[in-house]
Amino acid sequence: MMEYVFPTVRRGDLMRTKALALALAASLVATIAAAAQSGPATLTIHPDQVVARVSPTLYGLMTEEINHSYEGGLWAQLVQNDTFRSDWSGVPDWILVEKGNSEAKIAIDKSTGPSEALPYSLRVTVNGASDAAPAGVLNDGYWGMGLHPDTTYRGSFYAKEDSQDVGPVTASLVADQSGQVLASTQIGGIGTEWKQYEFTLKTGAIQPSLANHLVLTVANPGSLWLNLVTLFPPTYHDRPNGTRIDLMEKLAAMHPKFLRFPGGNFLEGDHIADWYNWKETIGPLVDRPGHPSPWRYWSSDGFGLLQFFEWCEDLHMQPVLAVYAGYSLMHEHVTPGPDLEPYVQSALDEIEYATGSIDTKWGAQRAADGHPQPFHITYVEIGNEDEFDTSGSYDARYAQFYHAIKAKYPDLQLIATAPVKSVRPDVIDDHFYVRATDFFHDANHYDKTDRNGPKIFVGEWATREGTPTPNFGAALGDAAWMTGLERNSDIVVMASYAPLLANVNPSALQWVPDLIGYNALHSYGSPSYYAQVMFASYLGSERPAASLEGARARLFYSVTEDPAQKKLYIKLVNGSSDAQDVTIDLPGASLEPVGRLVMLSARDTQATNTLDHPTAIVPVDSTLRVPGDTLPYRVPGYSIQVLEFSLR
Ligand code: AHR
């Protein structure tokens, strides 16, 4: 008789555990019959026979400004349209405030602004106002303004007034429904020349809520000009102009080894004029003009190039810097040769900005921007998805960048985004956006890849099922795919899911699904997110000899080991609704008698997490009894599992 070893749940939410136990019981009843029809599969592992090294940079992050990833997302700024961009509808996200019998109007004034980059402003003309009846503007945030109790918010704005004394400016946080003022302060001394003013607002014992707005008012007649209004909650590592803590903590849990930025299509822009001109994204915010993004909303570039590098620093990730290579999405390309040269020089300057000492021109600029310490870069990517350049110019464009960068930085590994012939790229970036069934069929995609060719970077991949974030079926497809990445991580040096982040307000979305969802107050990880947390958390540095025989369809595996920690990690993914019996055979291995099981599982492929139910599907941790070097094991249907064994 086969001995089944069942997990004992020892941690986690009781309700979730009960639900899971019921699901497992149901799945077990349904699958015993099926299991009886065919014998167990055998997974044979030889921990002492190492066949390949696992790439130390296998799992990382890919990011770009899409779905309000930064503006209304990771960048902690709470004020939407902080630089008063206007369109046919007026000035989005800004509303005139006329309390009581006050009278005022607002209009964009193109004749005055705080900087060359922002040469315009919002003019608030107040014809009548008083302390009891102030006038001004309000900002409704990124589909709300998330506020927490007992929290200090730091704000600023650029302003000037006419010769009349309209000030002081009162800055208040107000609850949408009740109109209650949650925090308020006055900023006096507004002068007739442009200047930045700073303020702080501290909330009291309020309920966390996103139904709030920021109000800026004055109590006297006159004109007030405003631009670049900021409001920040506490940020990750307390960085000024920093990132949202809940999202950074979720990303940190993925143990990412690299960050690919700034795109993606965001790097390219729709037109050549819209390319990611990094020089306009550094320095004080007031010197950043912003630019149109291909994802149909303006990027203020408040989250600029240095912020990407600081993000890398905060999460201990290697930067994988993508440089614009002269192709934009509306099938526009820069002709290789002299026309391309300014873009090549820009890439060289960008690398110097990141890595140069403070004695170099661009290293000095980085220091002036607040980061004297250079960043370390191993990989630079030349362009993005250049196979869409049907002119065929990529080969020559890549070669021009390649030769210029290698001449100055011979150690850099240069990534090509499409096949090229004139030079041999160090790495090729492959992208996959597919259904779960495609990943099930393609999980061995790299098994036969030429080990003497360029290394592989799977720079974007995702199972596209579920909206706005992937459902459990997608997580199964992703996990099956990741077993293939791990089994081939001698050649697949890096891999990153895309897109990573999404503000799930429908007005904020351009692409679904996305790994992590949020609104202005809360965030949650999708089942696919948790699959990645599991895969990256339990990854060895070596791959021992392993083979799976006799498995039914949609069962996938990967085995890695960590010799320093004496750990063996077995990943099993059952994409079938039926359980699958597997005999795990470790001939001659000596194992500690208690192992660990981490399992992500659901009853149905359509099950998912949402803002309202953020932990419906999360990994559940339990112990495993290990009887010896042969372990009869049952993999429940629709489950993603990590088995951790300690080697003696
Ligand atoms: O991830 C979304 C988009 O998909 C990326 O910007 C682009 O590179 C790909 O086509």
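Report follows, based on the coordinates. What you see is a predicted model, and the numbers here were worked out from it, not measured in a lab.

1. Re the sheet that holds strand β4 (residues 94-98)
Strand pairing within a sheet occurs via backbone hydrogen bonds; the two strands may be parallel or antiparallel.
Move 1: Read from one edge of the open sheet, five strands run β4-β7-β12-β9-β10, paired in antiparallel fashion. Whereas interior strands pair on both sides, the edge strands pair on one side only; in this sheet they are β4 and β10 (181-187). With strand direction ignored, the average angle separating the axes of adjacent strands in the sheet is 20°.
Move 2: The sheet contact formed by strand β9 (residues 169-175) and strand β12 (residues 212-218) spans six bridges and is antiparallel. Along β12, the bridge assignment pairs Ala175 with Asn212.

2. Some remarks on the site of the ligand
Move 1: Within the structure, the ligand sits among Glu64, Gly264, Asn265, Trp295, Asn384, Glu385, Tyr433, Glu460, Ala498, Pro499 and Trp511.
Move 2: For the ligand, an oxygen atom lies 2.6 Å from a polar atom in the side chain of Glu385.
Move 3: Side-chain polar atom of Glu460 to an oxygen atom of the ligand: 2.7 Å apart, as the coordinates give it.
Move 4: Protein burial of the ligand: of its 280 Å² of free accessible surface, 93% is covered by the chains.
Move 5: Counted by class, the shell around the ligand contains five nonpolar, three polar and three charged residues.

3. Some thoughts on the layout of surface pockets
Move 1: Space inside the largest pocket adds up to approximately 800 Å³.
Move 2: Along the wall of the largest pocket there are 32 residues; nearest its centre are Phe232, Arg239, Pro240, Asn241 and Leu285.
Move 3: At the level of secondary structure, the elements contributing two or more residues to the lining of the largest pocket comprise β8 (152-161), β11 (195-202), β13 (222-232) and α4 (305-315).
Move 4: Broken down by element, the lining of the largest pocket gets its largest block of residues, five residues, from β8.
Move 5: Residue composition of the lining of the largest pocket, grouped by class: 14 nonpolar, 11 polar and seven charged.

4. Examining unusual backbone geometry
Move 1: With an omega dihedral of 0°, the bond running from Phe261 to Pro262 counts as a cis peptide bond.
Move 2: For Pro262, the location among the structural elements is in the loop between β14 (258-261) and α3 (265-268).
Move 3: Ala498 connects to Pro499 through a cis peptide bond whose omega is -15°.
Move 4: With respect to the element layout, Pro499 can be found in the loop between β24 (492-497) and β25 (501-503).
Move 5: Of note, Asp93 is a non-glycine position whose phi angle comes to about 75°, a positive value.
Move 6: Note on placement: Asp93 falls in the loop between β3 (59-62) and β4.

5. Here's the deal with the packing of helix α5 (residues 341-355) against helix α7 (residues 394-408)
Move 1: Closest axis-to-axis distance for the α5/α7 pair is 10 Å, and the angle between their directions is 35°. Taken as a pair, α5 and α7 cross one another with a handedness that is right-handed. Packed against α5, whose contacting residues are Glu341, Tyr343, Val344, Ala347, Leu348, Ile351 and Glu352, the element α7 presents Gln400, Phe401, Ala404, Ile405 and Lys408 at the interface.
Move 2: For the contact of α5 with α7, the per-class residue count stands at eight nonpolar, one polar and three charged.

6. Remarks on the packing of aromatic side chains
Move 1: For the coordinates displayed, the defined rule picks out 34 aromatic pairs.
Move 2: Ring geometry for Tyr70 and Trp311: centres 6.3 Å apart, planes at 80°, overall edge-to-face. Of this pair, Tyr70 sits in the loop between β3 and β4 while Trp311 sits in helix α4, and the two are 241 residues apart along the sequence.
Move 3: By way of ring pairs, the aromatic residues Tyr70, Phe261, Phe303, Phe308, Phe309, Trp311 and Phe375 are connected into one cluster.
Move 4: Cation over ring: Arg85 sits above Trp298, and NZ or CZ is 3.4 Å from the ring centre.
Move 5: Across the ring face of Trp225, the terminal group of Lys160 is positioned such that the distance to the ring centre comes to 5.0 Å.

7. A short note on helix α9 (residues 472-487)
Move 1: Between the first and last C-alpha of α9 there are 23 Å, a value that for 16 residues agrees with the 22 Å anticipated at 1.5 Å per step.
Move 2: Extensive coverage of α9 is indicated by the burial of 16 of its 16 residues.
Move 3: One side-chain oxygen at the N-terminal end of α9 lies 3.1 Å from the backbone nitrogen of Gly473; it belongs to Asn471.

8. Examining the environment of Gln318
Move 1: Examined against the element boundaries, Gln318 turns out to sit in strand β17 (residues 318-323).
Move 2: By relative accessible area, which is 23% here, Gln318 ends up partly exposed.
Move 3: In this structure the C-alpha to C-alpha distance between Gln318 and Thr57, which are 261 residues apart in sequence, comes to 8.4 Å.
Move 4: In this structure the side chain of Gln318 is engaged in a polar contact, spanning 3.3 Å, whose partner is the side chain of Thr378.

9. Let's talk about the pattern of salt bridges
Move 1: Using the criterion set out here, one finds 20 salt bridges in the structure.
Move 2: Note that Arg239 is salt-bridged to Glu313, the shortest N-O span being 2.8 Å. Separated by 74 residues along the polypeptide, Arg239 in the loop between β13 and α2 (245-252) and Glu313 in helix α4 bring together distant segments of the chain.
Move 3: The exposure class of Arg239 is buried, given its relative accessible area of 18%.
Move 4: Residue Glu313 is classed as partly exposed on the basis of its relative accessible area, which comes to 33%.
Move 5: The partner of Asp389 in a salt bridge is Arg397, with the nearest N and O atoms 2.8 Å apart. The pair formed by Asp389 and Arg397 is uniform in burial state, with each residue classed as buried.

Criteria and thresholds
- Residues numbered from 1 in each chain as written.
- Predicted model: local features only at pLDDT ≥ 70, side-chain atom pairs only at ≥ 80, totals over all residues.
- Heavy atoms only, no water.
- Pairing = 2+ DSSP bridges.
- Helix = DSSP H or I, 4+ residues; strand = E, 2+ residues; numbered from the N terminus.
- Axes fitted to C-alpha atoms, helices over the stretch in contact; angles between N-to-C directions.
- Near = heavy atom within 4 Å.
- Polar contact = N/O pair within 3.5 Å; in protein donor to acceptor, adjacent residues only side chain to side chain.
- Areas by Shrake-Rupley, 256 points an atom, 1.4 Å probe, with all protein chains shown as cover.
- Nonpolar A, V, L, I, M, F, W, Y, C, P; charged D, E, K, R; others polar.
- 1 Å grid on protein atoms, 1.4 Å probe; cavity = no way out; pocket = protein on both sides within 12 Å on 5 of 7 lines; lining within 4 Å.
- Points joined across faces, edges and corners; volume = space filled by probe spheres on them.
- Left-handed = near helix turned anticlockwise from the far one by under 90°.
- Contact = heavy atoms within 4.5 Å.
- Phe/Tyr/Trp six-rings, centres within 6.5 Å; stacked < 30°, edge-to-face > 60°.
- Lys NZ or Arg CZ within 6 Å of the ring centre and 35° of its normal.
- Expected span 1.5 Å × (residues − 1).
- Buried < 20%, exposed > 50% of the residue type's maximum accessible area, 1.4 Å probe, protein only.
- Salt bridge = Lys/Arg side-chain N within 4 Å of Asp/Glu carboxyl O.

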